[in-house]
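Notes for the structure review
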Amino acid sequence: MLRQRNCTCHRSHASFDAVTDGASEYAPDFNLASLHASIKAGTETRAQESHQRYSTIVSLRVNSLLMMSQKVKKRSFFVLLFLWTSVMTGTCLEDIQINRATIYVRKHITRDVNNQHAYVVKFSEEQCKQLNNGDIAAALKKDSSQKVNNAFHRQEIYQGTNMVFASFQDIIDNNRKKKRLHAEYRLLYPDATGLSPVQKLLNTAPSAGCVIFYTYLSPCTNTCTLPNGPLNIVDRLPVFEHNNDRSFVFNCVYNREQSKDTVCEALDRIDKLIPVYRCSKKSCLKCFSVNDRNERIQNRNCVSDSDFTIG
């Protein structure tokens, strides 16, 4: 089962166990299990909430640790505080990094593509730490705009070293009826080899440290995200289960024959597997977060009433 990403330093928990075992000798009444659970909860919060809100939570938890320090000898407390800081670190992509990557691809690779399309790009673990324009350029140096544009006009799938790209494809099915295969579907469903283009990308070197799944239009609700539908892409998202740092990005809301509520419900199903962002030329918005009561909160600016205004 695909779980929400948790981009943290997992080794910290093992080290924490060793130190807290020693700390209990100094303060037998110190609730180590509670503190351990608190730190794990902080780890999950980091993966689920925005940087601003997370900073507030970190501040509150550090204050809590300071109060606990009165029961623990100074040396043990500072080791615990160091490990708490380590838990906060990781290679999770920030909104600005995701936006930088999508802007780079639009400017340098998909600049001539003027219709619905989707792509997946991967970057090495080292590149994911900063993911500046130099890192992005190095990863995508073999993926030229000409190659992608040719694939777009031929309705072919472009399979690169660090990128796969697809547009929609019009076909004639077995009943001699016209049928359109959507871009997202073409990337996630297996071809004659038994593997999907995305699976091929993730199977080949270099290994992926972080992955961005981009679609120009949000997935449609009557095909791509239709529960139990034959072309449902949500059922194919476990292909990313081994990539803890993953993002699902869309640019514009596909609003034909669907309502705001159905679009939000579809994006919510995706976000439970891969964090969903809406990115423009200026910034990226995280579409969902989870509050302290473990309640899912939707960003109202992610999908708005104006997206469904005609004219």
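One structure accompanies this document, and this report is about it. Computed from a predicted structure; not experimentally measured.

All right, on to the pattern of salt bridges then. Counted by the stated rule, this structure contains nine salt bridges. Residues K129 and E126 are paired through a salt bridge, measuring 3.2 Å at the closest nitrogen-oxygen approach. One end of the pair, K129, and the other, E126, are both in helix α6 (residues 125-130), three residues apart, so they sit about a helical turn from each other. The class of K129 is partly exposed, set by a relative accessible area of 45%.

Under the definition given, this model contains four aromatic pairs. Centroid distance F213 to F248: 5.0 Å. Interplanar angle 35°. Geometry classified as tilted. Of this pair, F213 sits in strand β6 (residues 210-217) while F248 is found in strand β7 (residues 246-252), placing the two residues 35 residues apart along the sequence. A network of ring pairs unites the aromatic residues F213, F240 and F248 as a single cluster. Looking at R180, its charged tip hangs above the ring of F168, at a distance of 3.9 Å from the centre.

On to the side chain of R246, then. Structurally, R246 is set in strand β7. A distance of 2.5 Å separates a polar atom in the side chain of R246 from the backbone oxygen of N243.

Attention now goes to the layout of surface pockets. Counted as a void, the second largest pocket has a volume near 450 Å³. For the second largest pocket, the lining is made up of 20 residues, of which Q116, R180, H182, L217 and Y254 are closest to its centre. Among the secondary structure elements, those contributing two or more residues to the lining of the second largest pocket are β5 (178-181), α9 (183-188) and β6. The residue makeup of the lining of the second largest pocket, split by class, is eight nonpolar, seven polar and five charged.

Moving on to the pairing of β6. The buried fraction of β6 amounts to seven of the eight residues, a majority that puts the element mostly inside the structure. Note that strand β1 (residues 117-123) and β6 share six bridges and pair antiparallel. Within the sheet, the bridge partner assigned to V121 lies in β6 and is I212.

A few words on the side chain of Q258. Here Q258 shows up in the loop between β7 and α11 (260-271). Polar contacts involving the side chain of Q258 include one to the side chain of T221, which spans 2.6 Å.

Cut-off values and rules
- Residues numbered from 1 in each chain as written.
- Predicted model: local features only at pLDDT ≥ 70, side-chain atom pairs only at ≥ 80, totals over all residues.
- Heavy atoms only, no water.
- Salt bridge = Lys/Arg side-chain N within 4 Å of Asp/Glu carboxyl O.
- Helix = DSSP H or I, 4+ residues; strand = E, 2+ residues; numbered from the N terminus.
- Buried < 20%, exposed > 50% of the residue type's maximum accessible area, 1.4 Å probe, protein only.
- Phe/Tyr/Trp six-rings, centres within 6.5 Å; stacked < 30°, edge-to-face > 60°.
- Lys NZ or Arg CZ within 6 Å of the ring centre and 35° of its normal.
- Polar contact = N/O pair within 3.5 Å; in protein donor to acceptor, adjacent residues only side chain to side chain.
- 1 Å grid on protein atoms, 1.4 Å probe; cavity = no way out; pocket = protein on both sides within 12 Å on 5 of 7 lines; lining within 4 Å.
- Points joined across faces, edges and corners; volume = space filled by probe spheres on them.
- Nonpolar A, V, L, I, M, F, W, Y, C, P; charged D, E, K, R; others polar.
- Pairing = 2+ DSSP bridges.

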